[in-house]
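Coordinates in review
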Amino acid sequence: MQENTQLVTAGRHPERFGGVVNTPIFRGSTILAGSMDEWERMKRARAADEFGATTYGRYGAATHHALQEAVAQIEGGYRSLVYPSGLAAISTALTALLAAGDHVLVPDCAYSPTRSFLKNVLSRYGVEVDVYDPLVGVGIDALMKSNTRVVFVESPGSETFEIQDIPAIAAVAHARGALVVMDNTWGTPLFFKPFKHGVDVSIQAATKYIVGHSDALMGIVTCTREVWPKIKATSSDMGQTTSPDDIYLALRGLRTMGVRLARHHESGLAVASWLERRAEVEAVLHPALPSHPGHALWKRDFTGACGLFTMVLRTASVPAMHAFVDALEHFGIGVSWGGYESLVIPFTPGASHTGARWPWKGLALRLHVGLEDVPDLLADLERGFAALQAAERSAAAPAKHPVAA
Ligand SMILES: *Cc1c(COP(=O)(O)O)cnc(C)c1O
């Protein structure tokens, strides 16, 4: 079955719900059994880890199971679990796989709250954390210790867009007895297939393209059969649970994710190539552009690009950058991404990354290209550049001082 067909069919069982096309919202804390016999059966099913077995709302009901079934199938893992945010998915998965005395490697380019969680929380519980260069490839071998249990990967890197050689890193990690945990939010379950590239645990900030409409926060962990018991047990021990109303929004988003992403890919690339030709732009970091240093790896491992990329302006003037951003009408100023709308947000690479490989001098902006028509977005950016140039001209003009009498 091909991808868009999968997106339409996965996790759907209308025959169980009176023929209703979408799995309804099942709210519930208590889940009643009809008899003691049935209660015993429910408990046995949960203990035996039967898919969809539940005894209490915190473990989810049919709405949860529909999303979990669908994402596991589309991303290609054994099972999925849903969490109230992407970060909750990341922190729970890492807690499940690490213990006091263990060592974890996290790339410099990882989403900064992921690095904060490792450094501020897990290190307090005796986990040793080392940050590594995302472009290390097989060189990861030299960084592995006898107690390395997890190699975290994120490709492309948040904000800085390095493409990691995941199969090479996974081969080394597995040879040394470590698991590979990936933040696959940029790749989405469609454009990067983690389990075909050696990943053991894949995390989606479903807040982004799965929900897809900027109206709910959610995370999803998908993993191999070997890792599943640990992920499930720790999620249960930590009381992780997610609202069925939000899950309904994620299921709705999932059905159209293929067409949305095809458009994000096409429009994002069109805007990125246009920006690359502008004199005001020092660099565009978009893995699908041939100029990107990770382009060959991206082409080898990914089947598309989402709408998120970075551009570096030539100017280092903050007022000029502000003038550019303030002149934009279609690009909203704000974090998060993956919704239908375009966004822009400045960032300082050195502030959250070691910045070891950041040769650019100008100010950096992260762009999300939404589902608007490209000509409107280009006209918007043109307006931004006109404002930027005007700001630079007025800064260059000699200041007018009142003449002292
Ligand atoms: C947004 C994001 C997250 C966190 O997701 P939340 O739902 O906001 O907690 C994790 N990783 C990446 C790459 C993200 O962009």
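Residues numbered from 1 in each chain as written. Predicted model: local features only at pLDDT ≥ 70, side-chain atom pairs only at ≥ 80, totals over all residues. Heavy atoms only, no water.

**Overview of the pattern of salt bridges**
Under the criterion given, the structure shown has 14 salt bridges. Between Glu-128 and Lys-145 there is a salt bridge whose closest N-O contact spans 2.3 Å. Placement of the pair is Glu-128 in strand β3 (residues 128-132) and Lys-145 in the loop between β3 and β4 (148-154), with a sequence separation of 17 residues. Using a relative accessible area of 32% as the deciding quantity, one classes Glu-128 as partly exposed. The partner of Asp-141 in a salt bridge is Arg-176, and the shortest N-O contact between them spans 2.9 Å. Of this pair, Asp-141 sits in the loop between β3 and β4 while Arg-176 sits in the loop between α6 (166-175) and β5 (179-183), and the two are 35 residues apart along the sequence. Each of Asp-49, Arg-79 and Lys-232 takes part in a single network of salt bridges with overlapping partners. (Salt bridge = Lys/Arg side-chain N within 4 Å of Asp/Glu carboxyl O. Helix = DSSP H or I, 4+ residues; strand = E, 2+ residues; numbered from the N terminus. Buried < 20%, exposed > 50% of the residue type's maximum accessible area, 1.4 Å probe, protein only.)

**Brief notes about the sheet that holds strand β12 (residues 364-368)**
The mixed open sheet is built from five strands, whose spatial order is β8-β9-β12-β11-β10. Looking along the sheet, the strands with just one partner apiece sit at the ends: β8 (281-285) and β10 (332-333). As defined by bridge partners, strand β11 (residues 343-347) adjoins β12 across five bridges and the pair is classed as antiparallel. By the bridge assignment for β12, Val-344 is matched with Leu-367. (Pairing = 2+ DSSP bridges.)

**Looking at the nonpolar core**
Ranked by size, the top nonpolar core spans 55 residues in total, and within it Leu-67, Ile-140, Val-151, Val-153, Trp-186, Leu-254 and Met-257 carry the most contacts. Ignoring anything within four residues of it in the chain, the contact list for Met-257 reads Leu-7, Pro-189, Leu-190, Tyr-209 and Ile-210. In terms of nonpolar packing, the next biggest core, distinct from the first, is built from 29 residues, Val-271, Leu-313, Met-321 and Val-325 among them. (Core = buried A, V, L, I, M, F, W, Y, C linked by side-chain atoms within 4.5 Å. Contact = heavy atoms within 4.5 Å.)

**A word on the pairing of β8**
Counting buried positions along β8 yields four of five residues, so the element is predominantly enclosed. For β8 and strand β9 (residues 308-313), the ladder comprises four bridges, and the chain directions are antiparallel. By the bridge assignment, Leu-285 is partnered in β9 with Thr-310.

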